[in-house]
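Examination of the molecular architecture
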Amino acid sequence: ELRLKQLIPLDLIKSLQAANVDVAAIDRHALEVLAGGSVGEAVKLMNLNGLEIFKFILEIFETLPRLDNEKVIALSEKFSRNDEVNSFEFFVSLLELALNRLVLIGAESERHAGTTIFNEAKVFRRLCPNLHAAISWAKLTQELSARLRHGHAVNLDPAALILDTFFQIETCAAKTAQ
């Protein structure tokens, strides 16, 4: 087993450039944060439009505690197509990442919030204003991850899984948001 450390942002960008990956038109900071120091994750994010999907998830979170049903339906339709089987799993990983970041950013004080991207800090601190809320979000994240993966494994309708997931997120936000 070969354990490697995460690449620092400068080395991540250099590695992508060395692999002839064009990073000129991409938000490098967001890519660095979401890729977590992994060249493979960075390439996947770029190839599957991950930054835009993550941003769209944040836009939905921004509407909470009152869910924007039109945005959620659009998202569920995008990932329910038969040709999008692998991208459903990618969507699940991005949603888990967003929820995990919500818990971490919400649980940390403003001075120690770490690196945030887009409008995360504002949205996540409103949805997760204290440690008690962070615990609620962490429990929900664990439950949703298991349900999404199990539902996908037994071939449940991806659109229904996504809709149900966001309805549960809406319920949690109604309890925790300020």
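All of these numbers come straight from a predicted model, not from anything done at the bench.

Some points on the packing of helix α4 (residues 50-63) against helix α5 (residues 69-78)
Interaxial distance between α4 and α5 falls to 10 Å at its minimum, and their mutual angle equals 150°. Classified by the interaxial angle, the pair formed by α4 and α5 is roughly antiparallel. The hand of the α4/α5 crossing is left-handed. For the pair α4 and α5, contact is made by Ile53, Phe56, Ile57, Glu59 and Ile60 and by Lys71, Val72, Leu75 and Lys78, respectively. Here the contact of α4 with α5 is built from residues that sort into 6 nonpolar, no polar and 3 charged.

Quick notes on the nonpolar core
If you look at the biggest cluster of nonpolar residues, it comprises 51 residues, and the most contacted ones within it are Ile57, Phe61, Phe91, Leu95, Trp137, Phe166 and Ile169. If sequence neighbours within four positions are ignored, Leu95 has contacts with Ile57, Phe61, Leu148, Thr165, Phe166 and Ile169.

Remarks on the environment of Lys175
Looking at where Lys175 falls in the secondary structure, it is placed in helix α9 (residues 158-176). Along the primary structure Lys175 and Leu127 are separated by 48 residues, whereas in three dimensions their C-alpha atoms are 9.1 Å apart.

Some thoughts on the confidence of the model for the protein chain
Scored by pLDDT, the protein chain comes out at a mean of 89, with 94% of its residues at no less than 70. Confidence, read as mean pLDDT per element, is least for helix α1 (residues 9-18) in the protein chain (88) and greatest for α4 (96).

A look at unusual backbone geometry
Backbone geometry follows two general trends: most residues other than glycine have a negative phi, and most peptide bonds adopt the trans configuration. Here the bond from Leu64 into Pro65 is cis, since omega is 15°, no more than 30 degrees from zero. With respect to the helices, strands and loops of the structure, Pro65 is situated in the loop between α4 and α5. Not every positive phi belongs to a glycine, and Asn20 is a case in point at roughly 60°. Along the polypeptide, Asn20 turns up in the loop between α1 and α2 (28-35). Phi at Phe118 takes a positive value of approximately 50°, unusual for a residue other than glycine. With respect to the helices, strands and loops of the structure, Phe118 is situated in the loop between α6 (85-107) and α7 (120-127).

Observations concerning the pattern of salt bridges
Pairs can form between side chains of opposite charge once their charged atoms are near each other. In the structure shown here, the tally under the stated rule is 7 salt bridges. The partner of Glu41 in a salt bridge is Lys44, with the nearest N and O atoms 3.4 Å apart. You can see Glu41 and its partner Lys44 sitting in helix α3 (residues 39-47), 3 residues apart, about one turn around the helix. On the basis of relative accessible area, Glu41 is assigned to the partly exposed category, the value being 31%. Among the residues examined, Lys44 registers a relative accessible area of 35% and is labelled partly exposed. Across the pair Asp164 and Arg147 runs a salt bridge, and its minimum N-O distance is 3.1 Å. Separated by 17 residues along the polypeptide, Asp164 in helix α9 and Arg147 in helix α8 (residues 131-153) bring together distant segments of the chain. Asp164 sits in the partly exposed class, given a relative accessible area of 31%.

Definitions and cut-offs
- Here the residue numbering is sequential within each chain, running from 1 through the sequence in written order.
- This being a predicted model, a pLDDT of at least 70 is required before a residue's local features are given, and a value of 80 or more before pairs of side-chain atoms are given or counted; all residues contribute to the totals for chains, interfaces and linings.
- As a rule here, side-chain values come from all non-hydrogen atoms in the structure, and water together with hydrogens is ignored.
- Helix axes are fitted only over the stretch in contact, all axes being lines through C-alpha atoms; the angle between N-to-C directions runs from 0 to 180 degrees.
- Here a strand is any run of E in DSSP of at least two residues, a helix any run of H or I of at least four, and the numbering for each starts at the N terminus.
- Orientation categories follow fixed angle ranges, with anything under 35 degrees roughly parallel, anything over 145 roughly antiparallel, 65 to 115 roughly perpendicular, and all other angles oblique.
- Crossing handedness: left-handed means the near helix sits turned counterclockwise from the far one by under a right angle, and right-handed means the same turn made clockwise.
- The contact definition used throughout considers only heavy atoms, calling two residues in contact when any of these lie within 4.5 Å.
- Polar here means any residue outside two lists: the nonpolar Ala, Val, Leu, Ile, Met, Phe, Trp, Tyr, Cys and Pro, and the charged Asp, Glu, Lys and Arg; Gly therefore counts as polar.
- Each nonpolar core is a collection of buried residues, namely Ala, Val, Leu, Ile, Met, Phe, Trp, Tyr and Cys, held together in the definition by side-chain atoms within 4.5 Å.
- Note on classification: 1.4 Å probe, protein chains only; a residue is buried when its accessible area is under 20% of the maximum for its type, exposed when over 50%, partly exposed between these limits.
- The predictor's confidence in any single residue is recorded as pLDDT, a number from 0 to 100.
- Basic side-chain nitrogens of Lys or Arg form a salt bridge, by our definition, when they fall within 4 Å of a carboxyl oxygen of Asp or Glu.

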